[in-house]
Amino acid sequence: MTTPLRRALIASPTPAAQEAERELREQYEWASLEEAELVVALGGDGFLLQVLHQLLECRSNVPVFGMNLGTVGFLMNEWRLGGLDERLARAKPFKVSPLEMLTETISGEVRRLPAINEVSLLRETRQAAKIEVSVNDRVVMPELVCDGILAATPAGSTAYNLSANGPILPLGSAMLALTPISPFRPRRWRGAILPDRARISLRILEAEKRPVSAVADQREVRDVARVEVEIDRMRDLTLMFDPEHALDDRITMEQFIA
């Protein structure tokens, strides 16, 4: 008989998630987060991203099984109190490689931040941003005039990227989506699909006159002058899904939703 993995339970501060946590603690045994071999997260997609970033910060690759007690819950499984042991035993793992965002601000400050869904650049004022776009040190667009631009992973391609009319990328496609946000010039450019080994460099033109912020999921750096984005292959994360609720199937079916 297989010994169950030591599991930790973590919940968002919403009333629904807190009540579900109380019920689960009464019914099952739990370990601390430091001792856990698997994490059960209760909340929505935003909370799951917070948990994954917490694991990235402590360099942990503990699998995460999320249950939706939020709004959309695209990255979550269905909330159910019973049968948790059986669900975890049958759960299907998916590896997710985060992006690494390297920023340099106008003042010269340098920061590195991970992003699981996307890295997005956004104008800070009423004036459009002007951005030079390079891929693997080759300038592919000398000047993009826009509200912003984003680079999305397959796991994040159905989030902000899809709202900006970017492509849905199947999980495991080894691709990145590079999508403009409200492009003005060139007006007809709708973005690009790049190999996930590509290194994307974004240089802000007229950075002081037309300030731009860079956001890695939920963490923002303001007044950037230069941003580089690439996959961080040293820090894979693992998400667990019910077989009937697999992430790759959900991403595929999202293409057929009107």
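Residues numbered from 1 in each chain as written. Predicted model: local features only at pLDDT ≥ 70, side-chain atom pairs only at ≥ 80, totals over all residues. Heavy atoms only, no water.

A. Geometry of helix α2 (residues 45-57). Look at α2: 18 Å from first C-alpha to last across 13 residues, which is about the 18 Å you get at 1.5 Å a residue. Among the residues of α2, D45, F47, L48, L49, V51, L52, H53, L55 and L56 are the ones counted as buried. On its buried face, α2 is in contact with β1 (7-11), β2 (38-43), β3 (64-68), β6 (110-115) and β17 (237-241). Immediately downstream of α2, the backbone of R59 shows phi near 55 degrees, a positive value. (Helix = DSSP H or I, 4+ residues; strand = E, 2+ residues; numbered from the N terminus. Expected span 1.5 Å × (residues − 1). Buried < 20%, exposed > 50% of the residue type's maximum accessible area, 1.4 Å probe, protein only. Contact = heavy atoms within 4.5 Å.)

B. Structural context of the packing of aromatic side chains. One pass over the structure, following the stated rule, counts two aromatic pairs. Ring centres of Y28 and W30 lie 6.4 Å apart, and the angle between their planes is 75 degrees; this geometry places the pair in the edge-to-face category. Judged on exposure class, the residue Y28 and its partner W30 are both buried. Taking NZ or CZ as reference, R7 lies 5.2 Å from the ring centre of W30, over its face. Positioned over the ring face of F184 is R185, at 4.4 Å from the centre of the ring. (Phe/Tyr/Trp six-rings, centres within 6.5 Å; stacked < 30°, edge-to-face > 60°. Lys NZ or Arg CZ within 6 Å of the ring centre and 35° of its normal.)

C. Region of the structure containing the UniProt feature "binding site: NAD(+)" (unreviewed entry) in the protein. UniProt annotation of "binding site: NAD(+)" (unreviewed entry) refers to D45, G46, N117, E118, D147, A155, T158, A159, Y160, N161, L162 and S163 when read in the numbering used here. Spatial dispersion of the annotated residues is evident: they stretch over 119 residues in sequence, and the largest pairwise C-alpha distance comes to 25.1 Å. Mapped onto the secondary structure, G46 falls in helix α2. Tracing the sequence through the fold places T158 in the loop between β10 (148-152) and α4 (160-163). In this view, T158 contacts F74, I168, I251 and E254; residues no more than four positions away in its chain are not counted. (UniProt positions renumbered as here; feature names shortened; annotations may be inferred.)

D. Up close: the sheet that holds β10. Read across the sheet, six strands follow the order β12-β11-β10-β7-β14-β15 without closing on themselves; strand pairing throughout is antiparallel. Of all strands in the sheet, those with a lone pairing partner are β12 (192-195) and β15 (219-221), marking the two edges. Direction aside, neighbouring strands of the sheet carry axes that sit 20 degrees apart on average. Bridging between strand β7 (residues 118-123) and strand β14 (residues 212-216) involves five bridges; their strand directions are antiparallel. For L122, the partnering residue across the bridge sits in β14 and is S213. (Pairing = 2+ DSSP bridges. Axes fitted to C-alpha atoms, helices over the stretch in contact; angles between N-to-C directions.)

E. Representation of the UniProt feature "active site" (unreviewed entry) in the protein. Under the local residue numbering, the UniProt record ascribes the feature "active site" (unreviewed entry) to D45. Inspection of the secondary structure assignment puts D45 in helix α2. On the basis of relative accessibility, which here comes to 18%, the residue D45 falls in the buried class. Not counting residues within four places of it along the chain, the set of residues in contact with D45 comprises V72, G73, F74, L75 and M76. From its side chain, D45 meets the backbone nitrogen of F74 in a polar contact 2.8 Å long. (Polar contact = N/O pair within 3.5 Å; in protein donor to acceptor, adjacent residues only side chain to side chain.)

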